[in-house]
Amino acid sequence: ARTTPLFREALRLVVPDSWDSEEEEKTGRKRPDVSKLASCWEILEKDFETILEGEFARIDEEFGLYMAADLNKIQAQEKDLKERVQVRAKEAESKLDPGKAQELRAMALSIANEAETAKEHREAAKVARINLARRKVRARKEALRKSLGEEPTEAI
């Protein structure tokens with residue numbers, strides 16, 4: 001996402017890798033002007049909201065792709081296992097062993113249930129990861145707001 005120079009300057013206050021005060025002093029780059037940034041909070045907040053929307057979209061897409069691949073893998077494994085168990089069940093029937101065939105069919109059903117449970121767990125993990133990533137992005141905004149407030153030490 002594109003950012004404004006004002007926004008980049010504000011981020012220098014809260015993103016550790018974006019501001020090295022000792023090195024910047026050597027190059028003559030000035031420290032961020034906190035009073036100027038504080039007076040422009042409405043503009044910065046709009047910039048941050050734009051950035052948040054982009055980050056949220058990226059996070060959703062990234063985890064969506066991860067989940068699609070993961071679910072396809074689970075489905076493929078489930079299908080493979082069920083087919084192998086069904087073949088063994090048919091073999092047991094042909095050998096006139098209905099007990100073994102029934103046991104194998106029950107196993108095929110439990111494989112389907114386990115696969116469904118795995119999919120549900122993966123979906124819950126995806127939601128938790130997305131929420132965590134979103135909270136992390138929101139925390140940067142809150143840290144910036146606090147660093148521009150009356151007690152900048154609260155941002156830590």
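As a reminder, the structure under discussion sits directly above these lines.
Residues numbered from 1 in each chain as written. Predicted model: local features only at pLDDT ≥ 70, side-chain atom pairs only at ≥ 80, totals over all residues. Heavy atoms only, no water.

Right, let's talk about the nonpolar core for a bit. By size, the foremost hydrophobic cluster in this structure holds 17 residues, and its most contacted members are Leu-37, Leu-44, Ile-59, Leu-144 and Leu-148. For this core, the secondary-structure elements that each account for two or more residues are helix H1 (5–14), helix H4 (41–94) and helix H5 (98–147). The element contributing the most residues to this core is H4, with eight residues. The residues contacting Leu-44, other than those within four sequence positions of it, are Leu-6, Phe-7, Ala-10, Leu-37 and Leu-148. The next biggest cluster of nonpolar side chains, apart from the first, holds seven residues, and it includes Ala-89, Ala-92, Ala-108 and Ile-111. (Core = buried A, V, L, I, M, F, W, Y, C linked by side-chain atoms within 4.5 Å. Buried < 20%, exposed > 50% of the residue type's maximum accessible area, 1.4 Å probe, protein only. Helix = DSSP H or I, 4+ residues; strand = E, 2+ residues; numbered from the N terminus. Contact = heavy atoms within 4.5 Å.)

As a further point, take the pattern of salt bridges. Under the criterion given, the structure shown has 12 salt bridges. Residues Lys-141 and Glu-49 are paired through a salt bridge, measuring 2.4 Å at the closest nitrogen-oxygen approach. Note that Lys-141 is positioned in helix H5 and Glu-49 in helix H4, a separation of 92 residues in sequence. Taking relative accessible area as the criterion, Lys-141 reaches 16% and is therefore assigned buried. Relative accessible area serves as the criterion here: at 33%, Glu-49 is assigned to the partly exposed category. (Salt bridge = Lys/Arg side-chain N within 4 Å of Asp/Glu carboxyl O.)

This brings us to the packing of aromatic side chains. Summed over all chains, the structure comprises one aromatic pair. When the centroid spacing of 5.1 Å and the interplanar angle of 80° are considered together, the rings of Phe-7 and Phe-48 count as edge-to-face. With a gap of 41 residues between them, Phe-7 in helix H1 and Phe-48 in helix H4 connect regions that are remote in the sequence. Side by side, Phe-7 and Phe-48 carry an identical accessibility label, which is buried. Over the aromatic face of Phe-56 sits the side chain of Arg-134, whose NZ or CZ is 4.5 Å from the ring centroid. (Phe/Tyr/Trp six-rings, centres within 6.5 Å; stacked < 30°, edge-to-face > 60°. Lys NZ or Arg CZ within 6 Å of the ring centre and 35° of its normal.)

A word on the packing of H1 against H4. Packing of H1 against H4 brings their axes to within 10 Å, and their N-to-C directions diverge by 90°. By the angle between their directions, the pair H1 and H4 is classed as roughly perpendicular. Of the residues in H4, those in contact with Leu-6, Phe-7, Ala-10 and Leu-11 of H1 are Ile-43, Leu-44, Asp-47, Phe-48 and Ile-51. (Axes fitted to C-alpha atoms, helices over the stretch in contact; angles between N-to-C directions. Parallel < 35°, antiparallel > 145°, perpendicular 65-115°, else oblique.)

With that settled, the discussion passes to unusual backbone geometry. You will see that Leu-96, though not glycine, has its phi angle at about 60°, which is positive. When you line up the elements, Leu-96 lands in the loop between H4 and H5.

Structural measurements only, silent on function.
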